[in-house]
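# Coordinates in review
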Amino acid sequence: SIQKKWWKEAVVYQIYPASFLDSNGDGLGDVPGIISKIPYIHSLGVDTIWLSPIFASPQKDMGYDIADYRSIHAPYGTVEDVQKLIDQLHAHKMRLLMDLVVNHTSDEHEWFKESRSSKENPKRDWYFWRDPKIDANGKRKEPNNWKSIFGGSAWHFDETTGQYYLALFLPSQPDLNWTSASMRQATYDDMRFWLDRGVDGFRIDSMNLMSKHPDLPDGKVINDEPYQSGAEFFASGPKMHDYIREMRTEVFDKYDAMTVGELGFTKDEQSVSEYIASDRHELNMLFTGDIVDMDFGAEAKYGRDDFHPRKIRKITNLWQTAVPKFNGWNTVYLDNHDSGRSISRYASDAPEHRAASAKLLATYLLTLSGTPFLLAGQEIGMANLGKDYGADAYIDVEGKNYYNAVLAARGGDESKMGDVLREMQLKARDHGRLPMQWDDTSNAGFTTADAKPWMTINKDYKDWNVASQLNDPDSVMGYWKKLLVLRKTDTDVFVYGSYTALEESETGEMVLGYEREFEGKKIVVWLNFSDVEQVVPATKYESMSALISNQEVKVEGAKLTLRPYGAVVLQDGLQ
Ligand code: ISL
């Protein structure tokens, strides 16, 4: 039998601090803005907030480049504000997860400043420093061929000491060297700083990059480009599990902190089980990333590959079935701040389908086994910027680097960039970071009318905003609230129930179907991921009744008709 835990029953609401609510008219969201919306967040029925980084940072990667873990980026507020946030959340019986970014720091962090100052500095080995290689022409060359996740070489030459340092993301995000015991202790102190203030757990950024192959070998050459991924040598290295276990015994266990790891490049069942199988005592749960990559190209995120419902069936069935076998726990999510909105990629944001699509995806998120994570704005059906926005609407460094690299390769001809722009319109990280649409006043109520928001506000805000849905039970938000009540009421079946996939032969290729069951209580769910009607056989379910749906539910002649983007949940034995 499954052990009950608060974090299994939690529903997590991710807030991107810059984009939630600006309380002081500087165009940037802030902590007091979040505090003022606790009653709103609470009223939705979610109970845990995951806050993307709010720490002191030069903001080259929107706070994922931390200069000081113990102070707050001034425009966001102060440590006292965060304490108030924690205390007020706890007063509402809610919890706070912070973003733990300890694979790298900002190059403005004191640790890096010291480390780069001389080869003899005690913090030299807190980062990766290597001598240059010399090429055939006697010219200086990077220590290996690894490519940065944001493009270009992962190595950067530093004049001060004549060595290169490693940075898997931006040049201004040098990787920490986890083989250094004193470095590890220093990060544990930072973790304790926040846990002592009442933080309930962490989302651990780029977690499996913390252990690299000790020799930092060249990555496998798969094309004629100068730099190659190298991920086979920098992800899930040999010490990874030792580090996690050390973090647990030194820090997390002492506070009963919850952990969710972000795991890039590792998607196979065996490796995943080693992180979350309950008898390993490592992480509570993790994000494998495959669910947000369903329309990525084979080699590059922005390569073209259309979404097909078969992919969500495959990934969902894989983890829903595999994870219980090793007594692990799943995350269930479709959106985060690193991608386009799922409604625009996996369903439809066309006006005639948008509300149904948003409810379809809500049904997916809240009827599976695992802890659901939603991104702020998902509860009102927020969508990507439309096709009419040009390249200048995209300001995030990842998409911009990619766009500029392709533009250069195409001789700087903007008129040849249509295909890239279309891919960005689907997948750019900017979409997940759009300012929250609170109402239909200018600037969507996100900031004051005369302020300049830090990034584009989607012009659809007049029709899609919190105020217009707040008191409408038929709205997307109304649907989320109903589902959240059901999940909290029938925790047995929704959270702890078993999962049985309906085969493609039973549902057709466009429909995802599954059953959940707990001691005689049962739900069956059908989700139509297409813009046309689908008919599924329902003979087995004739005695069941509708629990929730985004359409009229009629079982006729043992068949159930699903409307475009229809979601139907039937129940048996629930009160
Ligand atoms: O964003 C991605 C693809 O578009 C991912 O490869 C992402 O960079 C990776 O999942 C790690 O993401 C995390 O660490 C990054 C930061 O930029 C992301 O926002 C964060 O979620 C570096 O800290």
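Since the model is a prediction, treat every value here as computed from it, not as a measurement. (Residues numbered from 1 in each chain as written. Predicted model: local features only at pLDDT ≥ 70, side-chain atom pairs only at ≥ 80, totals over all residues.)

## Side note on the UniProt feature "domain: Glycosyl hydrolase family 13 catalytic" (unreviewed entry) in the chain
Under the feature "domain: Glycosyl hydrolase family 13 catalytic" (unreviewed entry), the UniProt entry names residues 14-433. Secondary structure content for residues 14-433 is 32% helix and 13% strand, while the C-alpha to C-alpha distance between its ends is 11 Å. (UniProt positions renumbered as here; feature names shortened; annotations may be inferred. Helix = DSSP H or I, 4+ residues; strand = E, 2+ residues; numbered from the N terminus.)

## Considerations on the domain arrangement of the chain
Domain boundaries in the chain define domain 1 (6-105 + 181-469), domain 2 (110-166) and domain 3 (496-572). Domain 1 and domain 3 are separated by 30 Å when their C-alpha centres are compared. It is helix α10 (residues 309-325) that contributes the most residues to the side of domain 1 that touches domain 3, 8 residues altogether. When grouped by side-chain class, the residues that make up the side of domain 1 that touches domain 3 number 7 nonpolar, 10 polar and 3 charged. (Domains from an automatic or database assignment. Nonpolar A, V, L, I, M, F, W, Y, C, P; charged D, E, K, R; others polar.)

## Looking at the nonpolar core
Of all hydrophobic cores here, the largest spans 152 residues; its most connected members are Ile49, Leu96, Leu361 and Leu527. At 8 residues, the largest contribution of residues to this core is made by helix α12 (residues 354-367). With near-sequence residues (within four places) excluded, leucine 527 lies in contact with Leu360, Thr363, Tyr364, Val511, Leu512 and Ala567. In terms of nonpolar packing, the next biggest core, distinct from the first, is built from 5 residues, Tyr302, Tyr394, Tyr402 and Met424 among them. (Core = buried A, V, L, I, M, F, W, Y, C linked by C-beta atoms within 7 Å. Buried ≥ 20, exposed ≤ 12 C-beta atoms within 10 Å, placed from the backbone. Contact = placed C-beta atoms within 7 Å.)

## Considerations on the site of the ligand
Lining the immediate environment of the ligand, one finds 14 residues, of which Asp61, Tyr64, Phe169, Ser206 and Asp338 sit closest. Of the residues assigned to the shell around the ligand, the class counts are 4 nonpolar, 3 polar and 7 charged. (Near = placed C-beta within 6 Å.)

## A few points about the sheet that holds strand β11 (residues 201-204)
The strand order across the open sheet formed by 8 strands is β13-β12-β11-β5-β2-β1-β15-β14, and the pairing between neighbours is parallel. The open sheet has two edge strands with one neighbour each: β13 (285-287) and β14 (331-333). Sheet twist, expressed as the mean angle between neighbouring strand axes with direction ignored, is 25 degrees. (Pairing = 2+ DSSP bridges. Axes fitted to C-alpha atoms, helices over the stretch in contact; angles between N-to-C directions.)

## Looking at the sheet that holds strand β9 (residues 155-158)
Taking strand neighbours across the sheet as the criterion, the 3 strands line up as β6-β10-β9 in an open arrangement whose pairing is antiparallel. Where the open sheet ends on each side, the last strands, each with one partner, are β6 (129-130) and β9. Relative to strand β10 (residues 163-166), β6 runs antiparallel, the two sharing 2 bridges. Looking at β10, one finds that arginine 130 is bridged to tyrosine 164.

## Some details on helix α16 (residues 476-489)
Compared with an ideal rise of 1.5 Å per residue, which puts 14 residues at 20 Å, α16 spans 20 Å between its outermost C-alpha atoms and is within 8% of the ideal. Along α16, the residues that are buried comprise Val476, Met477, Tyr479, Trp480, Leu483, Leu484 and Leu486. Buried residues belonging to α16 abut α3 (38-44), α12, α15 (466-469), α17 (491-494) and β20 (545-549). (Expected span 1.5 Å × (residues − 1).)

## Focus: unusual backbone geometry
Positive phi values are uncommon outside glycine, yet serine 236 reaches one of about 50 degrees. By the secondary structure assignment, serine 236 is in the loop between α7 (231-234) and α8 (240-255). A tally of 23 C-beta atoms within 10 Å means that serine 236 is categorised as buried. Unlike most non-glycine residues, phenylalanine 265 shows phi in positive territory, near 70 degrees. Structurally, the position occupied by phenylalanine 265 is in the loop between β12 (258-262) and α9 (269-276).

## Here's the deal with the pairing of strand β22 (residues 559-562)
Because side chains alternate across β22, one face comprises the buried residues Leu560 and Leu562, and the other comprises Lys559 and Thr561, none of which is buried. The sheet contact formed by strand β19 (residues 534-537) and β22 spans 4 bridges and is antiparallel. Residue pairing for β22: valine 536 is matched across the bridge by leucine 560. Bridge count between strand β21 (residues 555-556) and β22: 2 bridges; the pairing is antiparallel. Bridge pairing in β22 places glutamate 556 opposite lysine 559. Linking β21 to β22, which pair antiparallel, is a turn of 2 residues; within it glycine 557 sits at a positive phi near 55 degrees.

## Some points on the packing of helix α6 (residues 181-195) against α8
It is at 10 Å that the axes of α6 and α8 come closest, and there the two elements cross at 10 degrees. Taken together, the axes of α6 and α8 lie roughly parallel to each other. Touching Arg184, Tyr188, Met191, Arg192 and Leu195 of α6 are Glu246, Met247, Glu250, Val251 and Tyr255, all from α8. Tallied by class, residues from the contact of α6 with α8 come to 6 nonpolar, no polar and 4 charged. (Parallel < 35°, antiparallel > 145°, perpendicular 65-115°, else oblique.)

## Concerning the environment of arginine 140
You can see arginine 140 is positioned in strand β8 (residues 140-141). The sequence separation of arginine 140 and leucine 100 amounts to 40 residues, and the corresponding C-alpha distance is 35 Å. Among residues more than four places away in sequence, those in contact with arginine 140 are Pro132, Ile134 and Phe157.

## Overview of the pairing of strand β15 (residues 371-375)
Counting buried positions along β15 gives 5 out of 5 residues, so the element sits mostly inside the fold. What you see with β15 is no split at all: Thr371, Phe373 and Leu375 on one side and Pro372 and Leu374 on the other are buried throughout. Strand direction decides the pairing type here: strand β1 (residues 12-15) and β15, joined by 3 bridges, are parallel. Looking at β15, one finds that glutamine 14 is bridged to leucine 375.

## Topic: α8
End to end, α8 covers 22 Å across 16 residues, agreeing with the expected 22 Å (1.5 Å per residue, within 8%). Residue arginine 248 marks the point of greatest curvature in α8, where the axis turns by about 50 degrees. Among the residues of α8, those classed as buried are Met240, Tyr243, Ile244, Met247 and Phe252. Where α8 is buried, its residues contact α6 and β12. Taken from the residues just after α8, aspartate 256 is the one with a positive phi, measuring 55 degrees. (Bend = angle between axes of the 7 residues up to and from the residue.)

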